[in-house]
Every structure is written in C-alpha cells, then in structure tokens.
Amino acid sequence: MTDNTTAYVILSAILFTIGTIGVLTRRNAIVVFMCVELMLNAANLALVAFSRMHGNLDGQVTAFFVMVVAAAEVVVGLAIIMTIFRTRNTASVDEPRMLKW
Amino acid sequence: MFESPGISYATLWPVLLVLGVACAGVVVEAFAPRAARFNAQVFLALAGLAAALAGTVIVGAGPSLGVSTGEGALIVDGPGVFSQGLVLLVSLGGVALFAERRLDNGVSAFAGQAAALPGTPAERTASQRGLEHTEVYPLMMFAVGGMMLFCVSGDLLMLFVALEVLSLPLYLLTGLARRRRLLSQEAALKYFLLGAFSSGIFLYGLALVYGFAGSMSLAEIGEVAAEEGSSPLLLLGIGLMAVGLLFKTGAVPFHSWTPDVYQGAPTPVTAWMSAATKIAAFAAMLRLFYVAFGAEGDIWRPAIGVVAVLTMLLGASFAVVQTDVKRMLGYSAVAHTGFLLTGLLGVQTDAFGSTQAVLFYLTAYGFATLGSFAIVSLVRGPNGEAGALDRWAGLGRTNPWVAATFAVFLLSMAGLPLTAGFIGKWGVFAAALGAGQWPVVVVAIGSSIIAIFFYVRMIMLMFFTDPSEDAAAVVTPSYATTIVIALSAVATVLLGVIPGPVLSLLVDAGGFIG
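Residues numbered from 1 in each chain as written. Chains lettered and ligands numbered in written order. Predicted model: local features only at pLDDT ≥ 70, side-chain atom pairs only at ≥ 80, totals over all residues.

- The name that an unreviewed UniProt entry assigns to chain B is NADH-quinone oxidoreductase subunit N, with the source organism given as Nocardioides albus.
- Annotation of chain B in UniProt includes, under Sequence similarities (unreviewed entry), the sentence "Belongs to the complex I subunit 2 family." (UniProt positions renumbered as here; feature names shortened; annotations may be inferred.)

- In the annotation of an unreviewed UniProt entry, the entry for chain A reads NADH-quinone oxidoreductase subunit K, and the organism field reads Nocardioides turkmenicus.
- The record held by UniProt for chain A lists under Catalytic activity (unreviewed entry) the comment "a quinone + NADH + 5 H(+)(in) = a quinol + NAD(+) + 4 H(+)(out)".
- Recorded in UniProt under Subunit (unreviewed entry), the annotation for chain A is "NDH-1 is composed of 14 different subunits. Subunits NuoA, H, J, K, L, M, N constitute the membrane sector of the complex."

## Structural notes on the overall build of chain A
Argument step 1. What chain A contains, in helices and strands, is three helices and zero strands.
Argument step 2. Against the globule reference of 13 Å for 101 residues, chain A gives a C-alpha radius of gyration of 17 Å, more extended than a compact globule.
Argument step 3. Referenced to the eigenvectors of the C-alpha coordinate spread, the extents of chain A come out at roughly 50 × 25 × 25 Å.
Argument step 4. The buried share of chain A, taken over its 101 residues, is 34%. (Helix = DSSP H or I, 4+ residues; strand = E, 2+ residues; numbered from the N terminus. Rg over C-alpha atoms; globule rule 2.2 N^0.38 Å. Buried ≥ 20, exposed ≤ 12 C-beta atoms within 10 Å, placed from the backbone.)

## Let's talk about the overall build of chain B
Argument step 1. Looking only at helices and strands, one finds 20 helices and five strands in chain B.
Argument step 2. Taking 24 Å as the expected radius of gyration for a compact globule of 514 residues, we find that chain B reaches 22 Å, a close match to that expectation.
Argument step 3. On the principal axes, the C-alpha backbone points of chain B span a range of 70 × 55 × 40 Å.
Argument step 4. Going through the 514 residues of chain B one by one, you find that 61% of them count as buried.
Argument step 5. Across chain B, the fraction of contacts at a sequence separation of at least 24, relative to all contacts at a separation of at least 6, is 80%. (Contact = placed C-beta atoms within 7 Å.)

## Notes on unusual backbone geometry
Argument step 1. The omega torsion of the bond from V252 of chain B to P253 of chain B falls at 5°, within 30 degrees of zero and hence cis.
Argument step 2. Within the secondary structure, P253 of chain B is located in the loop between α9 (232-249) and α10 (257-264).
Argument step 3. Located in the positive-phi region is N89 of chain A, a residue other than glycine, with phi close to 60°.
Argument step 4. With 8 C-beta atoms packed within 10 Å, N89 of chain A lands in the exposed category.

## Description of the packing of helix α11 (residues 267-292) of chain B against helix α14 (residues 354-376) of chain B
All names here are of chain B.
Argument step 1. Here α11 crosses α14 at 170°, and the two axes come no closer than 7 Å. Classified by the angle their axes make, α11 and α14 are roughly antiparallel. Every residue of α14 that contacts α11 at T267, T270, A271, W272, S274, A275, K278, I279, F282 and L286 is listed here: T355, V358, L362, G366, T369, L370, F373, A374 and V376.
Argument step 2. For the contact of α11 with α14, the per-class residue count stands at 12 nonpolar, six polar and one charged. (Axes fitted to C-alpha atoms, helices over the stretch in contact; angles between N-to-C directions. Parallel < 35°, antiparallel > 145°, perpendicular 65-115°, else oblique. Nonpolar A, V, L, I, M, F, W, Y, C, P; charged D, E, K, R; others polar.)

## Topic: the sheet that holds strand β5 (residues 473-474) of chain B
All names here are of chain B.
Argument step 1. If you walk across this open sheet you meet the three strands as β4-β3-β5, and the pairing is antiparallel. Of all strands in the sheet, those bounded by a partner on one side alone are β4 (384-385) and β5.
Argument step 2. As paired strands, strand β3 (residues 379-381) and β4 are joined by two bridges and run antiparallel to one another. Note that in β4 the partner of G381 across the bridge is G384. (Pairing = 2+ DSSP bridges.)

## Some details on the UniProt feature "domain: NADH:quinone oxidoreductase/Mrp antiporter transmembrane" (unreviewed entry) in chain B
Argument step 1. The UniProt entry lists residues 153-449 of chain B under the feature "domain: NADH:quinone oxidoreductase/Mrp antiporter transmembrane" (unreviewed entry), expressed in the numbering used here.
Argument step 2. End-to-end, the C-alpha atoms of residues 153-449 of chain B are 36 Å apart, and along that stretch the chain is 77% helix and 2% strand.

## Brief notes about the confidence of the model for chain B
For residues with low pLDDT, the predicted coordinates do not support detailed interpretation.
Residue and element names in this part refer to chain B.
Argument step 1. Here chain B shows a mean pLDDT of 93. Residues at 70 or above account for 100%.
Argument step 2. Averaged pLDDT values for the elements of chain B fall to 85 in strand β1 (residues 67-69) and rise to 97 in helix α5 (residues 136-151).
Argument step 3. Among the scores for the predicted complex, ipTM is 0.95 and pTM is 0.95. (pLDDT = per-residue confidence, 0-100.)

## Observations regarding the nonpolar core
A general feature of soluble globular proteins is that nonpolar side chains tend to end up buried together.
Argument step 1. Judged by nonpolar contacts, the single largest core of 221 residues is most densely connected at V18, V87, Y204 and A280 of chain B.
Argument step 2. Discounting chain neighbours no more than four positions away, the residues touching A280 of chain B are S83, V87, M147, F150, C151 and L166 of chain B. (Core = buried A, V, L, I, M, F, W, Y, C linked by C-beta atoms within 7 Å.)

## A look at the packing of helix α17 (residues 420-434) of chain B against helix α19 (residues 479-497) of chain B
Residues and elements named next belong to chain B.
Argument step 1. Contact geometry of α17 with α19 gives a least axis separation of 6 Å together with a crossing angle of 50°. By the criterion of interaxial angle, the relationship of α17 to α19 is oblique. Facing α17, whose interface residues are A420, F422 and I423, α19 presents T492, L495 and G496.

## Topic: the interface of chain A and chain B
Argument step 1. Facing 36 residues of chain A, the contacting portion of chain B comprises 34 residues.
Argument step 2. Where the side of chain A that touches chain B is concerned, the elements lending two or more residues are α1 (3-25), α2 (29-54) and α3 (58-88) of chain A.
Argument step 3. Per element, the largest residue contribution to the side of chain A that touches chain B is 16 residues, and it comes from α3 of chain A.
Argument step 4. When grouped by side-chain class, the residues that make up the side of chain A that touches chain B number 25 nonpolar, eight polar and three charged.

## Remarks on the UniProt feature "transmembrane region" (unreviewed entry) in chain A
Argument step 1. What UniProt calls "transmembrane region" (unreviewed entry) maps, in this numbering, to residues 6-24, 31-51 and 63-85 of chain A.
Argument step 2. For the annotated span residues 6-24 of chain A, helix accounts for 100% and strand for 0% of the residues, and the straight-line distance between the end C-alpha atoms is 27 Å.

## Topic: the environment of D470 of chain B
Residue and element names in this part refer to chain B.
Argument step 1. Along the polypeptide, D470 turns up in the loop between α18 (438-464) and β5.
Argument step 2. Between the C-alpha atom of D470 and that of F197, which follows or precedes it by 273 residues, the distance is 41 Å.
Argument step 3. Each residue touching D470, except ones within four places of it in the same chain, is listed here: G381 and R391.

Right, dumping it as structure tokens:
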C-alpha cells in the first residue's frame, strides 16, 4: 500500500467512525439517517482509493452503484420518517416506544 | 477496449421474469382502473412466481447448472438454485396470504391509504370507500427478485445490490398495516434505521475486503486469502461484513429489530418475510463464508460460534417471557437463527455437509413459520388479531382443527421427532459436531430444551385451559389461506416422516462453488 493510499483510507476510516458514532448517539431520525449516508460515502472513498491502488476499475464502478443505492434509500427512508413525523409531530427515535421487549 | 460480459439467459430467466413482473405491476398500478387492479396484480404475481418456480426446476435439472455468468457476478449452482426455488415457494404462499380479504370484512390486511394519518377523517373515508394498496404486490416481487439474486451472487457488488433490492421493499411493507398503524409505523422506522446502519457497516467491510484482495469476485478473494494468509485488513473486512449479514438474519446482538418488526408488520408480511428473508440471507452467508473466506475458517468459526451460542440462549429465554403470540414467534425466530448459525460452523463436504444441513433446516423452518403466522392472522377479536396469549386459551376446544395445525407447526419448531424440525436440528447439530464444535452443540441442545418449554406451554394453553371472557374466535378464511396452511402442515409432517427425497436432492445439488 503506497503512502498516498493510506492517507485516503485513514480519512475514510475517520469519516466512517464519525458516521457510526452519530448513528449511535444522535436522537433525530433525520440526523441518524444523514450519519448513515456519511458511512456509505466513507465506504465510497475507501473503494475509490483501493481501486487506484490496485489499478483496476472494480472499486470505482462499485462506488457508482453505491450512490444509486443511497439515493433509493433516501426515497424509502424519508417516506417512512415523514409518516412518523406527521403522526407524532416529532422525528425523535426515542419517542416511539410502543414496541418493547 | 471494453467487452460486454456474456450473460447466460438460460439460467437467469427466472430472476429476470420475477423482476419483469414487478415492473409490469408498476405499469398496472399506473394505468389500470382501481377496480381492476387487485385481480390483475394477484394474477400477475401468482403467474410470475409459478413460472419462475418452474424455471428454477428446469434450470436445476438442466445441464447448465454451475455456470458462472456476467463476468462471475452470478454463480448459478445447485444450492443457489435450491434456495431460489424455496424462496419462490414461500413467496407463492405469501401472495396468497397478501390477497386474503375475507378476514377483515372484505378488505386486505394493508392500510387503505398509507398517506392518511391514523385516526383522521381521511383515514375513515379511505376505509369506507374500501380503498387498498395494491402496490404491495410489485413491492413484494421486487423483494423476491432481490432475494433470488442474493442466493446466487458471485461477487461483492452483486451481494450489496441484491441486499438492498430485497431490503428496501421490506421496510415499506412493514409500515403498511391497516390496524394498529402506529405500531406498524414504529416498526418500519426501527427496521429502516437499523437496516440502513447495518448495510453501511456491510459496505465498509466490503470495501476493506476489496482493498485486501483487489477483486470483487468471491472466488478470487478466496484464492488471494489462501495465498497471502490473513491480514488485519481482511479480518476487519470479514468482521464488518459478518455484522451486516448477522443483522439481516437477526442474530444476537443485532436481533433487537426482529421481535418489533414481526409484531408491528402486517401478519401476511411477517409470515412471508420471516421465511423468505432468512432463506436468502443464509444462502448468501454460506456462499460468502465458504467460498470467499473459507481459508480463514479458524478465525471466523470461534466468533460465529460465540454469536450462535448467545443467539440461541437469548432467543429461547426471551421467548419464554413473552405475552404476545407474534412477539413470541419473533423471539423463536431469533433462536432459530442461532441453530442455523450452528450449522454454518460445519464444513462443506461432497456428501451431507453443513450446506445441505442448513438448507434442509431452512426448508423445515420456512414452512413452519409461514403456516404459523398464517394461523395467527385467523385468530381474531373485535379489534383485529388477538395477539395476547391469554386470549388464545381454550382455542383447542372451540376450534380443534386450527389449534391442532398450530400445534404441528410449534412441535416442528421445537424439533420433536416425526416433524421436519427434528431432521433439521439433527442435521445442523451433526454438521457442527463433524467440525469438532461440540461446546456449541451442547448449548444448542440446552436451548432446544428451553424452546420446547414455551412451545409446549402454548399447546397446553390452547388445549387444557378454559377459555377466558374475551377469548378470540377463529374467522373462516378464503380458500387461498386455507390451502397455504394445509400445504405447510402437510410439508412439515411429510419432511419429518420421509425426508429422503429432499435430502438426496440436496446432496445431488452439491456445495456452493465460487
């Protein structure tokens, strides 16, 4: 692994960690969802960096597919969050607690 | 110079047919008048699934089995085609349950208008006009297409795309219940957020594995891993990908969504997805771990063993204290994931190895769970399904046939002899013992005993307890649901009494190839 790639992979690891911590600690469903998107983009950065390191295009092509999947996920996710928000007037992930144990 | 990859349409047409039917369903939704949609959608879905099922049989019996197509993106091999067939079989049952309209005064189990807020005049109007969402059929077809691709994915990219194609429709279907809509929406939110989180983790693991091997193909990753030995990059990648798949299968500590979603989702959706998702996820998991990470077995086997032990113990113990039938079955599904993971600890052999054991267990469990949730949808009170356990008391006296059929499914899930579940459990335990994993098998036998306790307690409740004041009644369903329940019960008993044909079919199918 060249030094150049290492830097990008470390940056992607940092972004991934920020995303993960955000999902685990934030309470607003929209922010949680944005943190998930950050995790996907961290993976994209790693894929592109590794793709350049190995000298093939597999990683870059995968990054495009990930972007499409992320867009589809936004559609589904915002629809679900919207219905919850309209019913309860809150997008907090702590508020709905009818399902327990 | 770019060369387009060759695609073997002869082996892939069942998948393409299902996805084509899904697109046709969207067109019907857009152009057909409202009154005609229900019949058109149900016909399309049933015909498409039946034709695809026939297709998997033809592909499975044909000479082209075992081809790698699309530059290795899809591997159509014996176990892959078997699990595709199994997914299609339970999905046929799923469509029949989706189409059930006799249980709730002539409307389906899905929300009349998902956009109308619960408890508003808009919702009442939608209900009075008898509106229903027929979009559920195309959504289901897209999920089935994703599951079929997941079973035969030969590279990491296809694995990820198939995972998302099967997951996204499931999130939506979970939130579409007609009754108890707040519960259903909450379940959908939890499922979606945790599902998206786990697929993010899965994707990062995928990127690290690609960084290690320099290839997306599972077979090439396996070769590189065998040559170069393990590196931190690979191990981290395996760990993160395992988290993603363990989430989908509902293993401890990633199980928390399972009981919530099983309880909140419309019961036909629960019945279908508890069977189909598990089949697809385990088929993909076996291929990933045996083909790509086979060389690292010494490292992942102990870790998966610990997860299996925790999953079985927690699933069975929590199921004991539940007071809601759907939730109890949800925790029982968690316990079954543990038993299946026990099977994963074994090794692939030419004869009856762990691949065959796990696939047989999935067959047995698939029919039992489909049938048992179908029965849950029949037992109702004035406000919809009677979930609370105490309202099931005395059901065996008022409706002996329904209770007896439910008992058959419960006994199979408990793993008693002469039911399919017994052969399934015996198979996965033998596979794990063959790989020297006896401590896990000891725990598995202990958890089976805990599990027998709550299954038998349910049977005692139905047959030997007096009915309570607000006891639930059994509503007579349409022929479709009756046939699904009857066929599931027959399959559960037949697979237990004469498992030979299916076992030899599985041995002929062989192992997963790269």
